[in-house]
Amino acid sequence: MNETTNERTCMECGCVDEDLFEVCIDGEDKVLCADCLHNLGYYRCEDCGEWHHESHMHETHDGDMVCDSCADSDYFICDDCGELFPMDDAVTVNSGTRQEAYVCKSCADDNYYRCDDCESYYSSMYTHQDNFGNVVCDDCYERSWYTCGDCGRLIQSGEAYWDEGADEYLCADCISSRRSAAFHGYGYKPNPEFKYRSGEARREDHKTALLTFGVELEVDKGRDHLTLTNELAKLGQPIYMKHDGSLGEEGVEIVTHPCSLAYHQYDLRWAEISRQCRHLGYTSHEAGTCGLHIHIGRRQMGEDGEAQRRTAGNLVLLAYQLQTQLTKFSRRTKEQLDDWARMPDLMGRGYRSECSYRDIELTEFALSTCNYGRYQAVNLCNSETVELRFFRGTLKRDTIIASLQLANNLTKFAMTHTPMECIHAEWADVVGIEQFKELNAYCQSRGL
């Protein structure tokens, strides 16, 4: 019995000037004041008002004390922070999964994602998220959501547009952009149109003897990607423009069809392409997000499939051996290369410089780097091309041409030397296998 009385004195301290409480302690009924009860280890439950020994009391998140009975019936322990909260504050997280739990509102907001559709809370593993701050749980996504095939935005079914040609859903903004005749989604890949100078095209063996290079030049930070696309399309060049998710909202990837080196040097209007980009406020080197990727056709790399494989492997070996010079040539930082164009990790594939290897073993080491994915300095994941990804983007015509000339010389060296010679190659021998004005000037400017 816990009753309050003002008509008796505290049996412990004798005070009479405050509320007294009748409590049963060790089987004996006593009349005590609050101070004496506290001194004896008793607390009054904030919910039911009864006094209980501290061994039967629990402190809540707010610092209140509640008894065992009230804690069991009206409170819960947060599965994340372990503190006691009123049952009304419980939030169910990961509902319907093996990790369903009850947490406080603060932990729900701090540790989980709230579904934009059903407003329930889930761990990241049970959600779909985009770069625009949208979050949808797995259940809602399966029922009525899609991911835009271009920008990656989460979109509800009523706001999604189906692109039959690309076999994917798009958001309203991206379908509008894609419907522009000259601007394409990231997955756009037209049939290649090979370009040669008129004199080259008259050679009967030009399609197998002349190396071809396809360029992907990324530009960003400009004013309007559709305006840039339309202006570049007016130039009548063998190029097309695409969206690339690694760039900003107005970013553009300018892609050339496969062209011979001579066509790039003398026919393709790189200077005018660069001028149009700068005119609309676009940058490439300065943007920090842009690369210059060069695709080299595999079928010109050797007489048969085995020779072509060996040349591809030799390009990896050259990148491994010359990575210091190639990094300097690329104008990229090591961090940028590690993110987008990592130099070959032959050590990770088992290669040891102190050991002796046969040519075929070196080739297998090099070709196995394909297992690391496409974000390699020498990307071997494409069946028709080998991609050199380490160049930083630029809007300088001569730097673009110098990069193509280096790609040419690397490939010519790889085609005419053994794997053992490639992994021990000297920079001067590779860069000088054919002489070019732009390449020599650029190397001199970079201290190479």
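Scroll up for the structure.
Read on for an overview of the structure. From a predicted model like this one, the values you see are computed outputs, not experimental measurements. (Residues numbered from 1 in each chain as written. Predicted model: local features only at pLDDT ≥ 70, side-chain atom pairs only at ≥ 80, totals over all residues. Heavy atoms only, no water.)

## Things to note about the overall build of the chain
- Within the chain, the secondary structure is distributed over 18 helices and 27 strands.
- Radius of gyration (C-alpha) of the chain: 35 Å, far over the 22 Å computed for a compact globule of 448 residues.
- Along the first, second and third principal axes, the C-alpha set of the chain runs to 120 × 55 × 40 Å.
- Looking at the chain residue by residue over its 448 residues, the buried ones come to 47%.
- A separation threshold of at least 6 residues defines the contact pool for the chain, and within that pool the share at least 24 residues apart is 55%. (Helix = DSSP H or I, 4+ residues; strand = E, 2+ residues; numbered from the N terminus. Rg over C-alpha atoms; globule rule 2.2 N^0.38 Å. Buried < 20%, exposed > 50% of the residue type's maximum accessible area, 1.4 Å probe, protein only. Contact = heavy atoms within 4.5 Å.)

## A closer look at the nonpolar core
- Within the largest apolar cluster, 73 residues are counted, with the highest numbers of intra-cluster contacts made by Ile 254 and Phe 390.
- The biggest single contributor to this core is helix H15 (residues 397–416), with nine residues.
- Leaving out residues up to four positions away in the same chain, Phe 390 has contacts with Leu 326, Ser 330, Arg 332, Leu 337, Ala 341, Met 343, Ala 377 and Leu 410.
- Listed in part, the 14 residues of the second largest apolar core include Phe 21, Ala 34, Leu 37 and Tyr 42. (Core = buried A, V, L, I, M, F, W, Y, C linked by side-chain atoms within 4.5 Å.)

## A short note on the pattern of salt bridges
- Taken as a whole and judged by the stated rule, the model has 15 salt bridges.
- The residue Asp 89 makes a salt bridge to Lys 105 at a minimum N-O spacing of 4.0 Å. Within this pair, whereas Asp 89 is found in the loop between strand S9 (84–86) and strand S10 (91–93), its partner Lys 105 is found in helix H3 (residues 105–111), the two being separated by 16 residues in sequence.
- The class for Lys 105 is partly exposed, based on a relative accessible area of 49%.
- Among the ionic pairs, Arg 309 bridges to Glu 364, the shortest N-O distance being 3.6 Å. On the criterion of sequence distance, the pair formed by Arg 309 in helix H11 (residues 305–321) and Glu 364 in helix H14 (residues 359–367) is long-range, its members being 55 residues apart.
- Taking relative accessible area as the criterion, Arg 309 reaches 34% and is therefore assigned partly exposed. (Salt bridge = Lys/Arg side-chain N within 4 Å of Asp/Glu carboxyl O.)

## Brief notes about a negative patch on the surface
- A cluster of acidic side chains, namely Glu 46, Asp 47, Glu 59, Asp 62, Asp 64, Asp 74, Glu 83 and Asp 88, defines a negative patch on the protein surface.
- Within the secondary structure, Glu 83 is located in the loop between strand S8 (75–77) and S9.
- For Glu 83, a relative accessible area of 33% translates into the label partly exposed. (Patch = residues over 30% accessible without salt bridge, like charges linked within 9 Å, V, L, I, M, F, W, Y side chains within 5 Å. Areas by Shrake-Rupley, 256 points an atom, 1.4 Å probe, with all protein chains shown as cover. Lys, Arg positive; Asp, Glu negative; His and termini not counted. Charge placed at Lys NZ, Arg CZ, Asp CG, Glu CD.)

## Side note on the environment of Tyr 282
- Along the chain, Tyr 282 falls in the loop between helix H10 (270–279) and strand S25 (291–297).
- The exposure class assigned to Tyr 282 is buried, which follows from its relative accessible area of 2%.
- Excluding its chain neighbours within four sequence positions, the residues that come into contact with Tyr 282 are Val 219, Asp 220, Lys 221, Gly 222, Arg 223, Asp 224, His 225, Leu 228, Glu 250, Val 252, Cys 277 and Leu 395.

## What about the environment of Tyr 43?
- Along the chain, the position of Tyr 43 falls in strand S4 (residues 42–44).
- C-alpha separation for the pair Tyr 43 and Pro 190, spaced 147 residues apart in sequence, amounts to 79 Å.

## Here's the deal with the packing of aromatic side chains
- Tallied over the full model, the rule gives 14 aromatic pairs.
- Here Tyr 351 and Tyr 357 contribute two aromatic rings whose centre-to-centre distance is 5.3 Å and whose plane-to-plane angle is 35 degrees, an arrangement assigned as tilted.
- Among the residues examined, Tyr 357 registers a relative accessible area of 16% and is labelled buried.
- Ring geometry for Phe 390 against Phe 391: centres 4.3 Å apart, planes inclined by 40 degrees, an arrangement best described as tilted.
- Among the residues examined, Phe 391 registers a relative accessible area of 0% and is labelled buried.
- Three or more aromatic residues joined by ring pairs form one cluster here, namely Phe 329, Phe 390, Phe 391, Trp 427 and Tyr 442.
- If you follow Lys 242 out to its NZ or CZ, it ends over the ring of Tyr 186, 5.2 Å from the centre.
- Geometry around Phe 194 places Arg 299 over its ring, the cationic atom sitting 4.9 Å from the centre. (Phe/Tyr/Trp six-rings, centres within 6.5 Å; stacked < 30°, edge-to-face > 60°. Lys NZ or Arg CZ within 6 Å of the ring centre and 35° of its normal.)

## Comments concerning the pairing of strand S2 (residues 20–25)
- Counting buried positions along S2 yields five of six residues, so the element is predominantly enclosed.
- The sheet contact formed by S2 and strand S3 (residues 28–33) spans six bridges and is antiparallel. Bridge pairing in S3 links Phe 21 to Leu 32.
- Where S2 folds back onto S3 in an antiparallel hairpin, the turn is made up of two residues, including Asp 26, whose phi is positive at roughly 55 degrees. (Pairing = 2+ DSSP bridges.)

## Regarding the packing of H11 against H15
- The N-to-C vectors of H11 and H15 enclose an angle of 120 degrees; their axes lie 8 Å apart at closest approach. For the crossing formed where H11 meets H15, the hand is right-handed. For the pair H11 and H15, the contacting residues are Thr 311, Asn 314, Leu 315 and Leu 318 in the first and Leu 410, Thr 411, Phe 413, Ala 414 and Met 415 in the second.
- Taken together, the residues that form the contact of H11 with H15 break down as six nonpolar, three polar and no charged. (Axes fitted to C-alpha atoms, helices over the stretch in contact; angles between N-to-C directions. Left-handed = near helix turned anticlockwise from the far one by under 90°. Nonpolar A, V, L, I, M, F, W, Y, C, P; charged D, E, K, R; others polar.)

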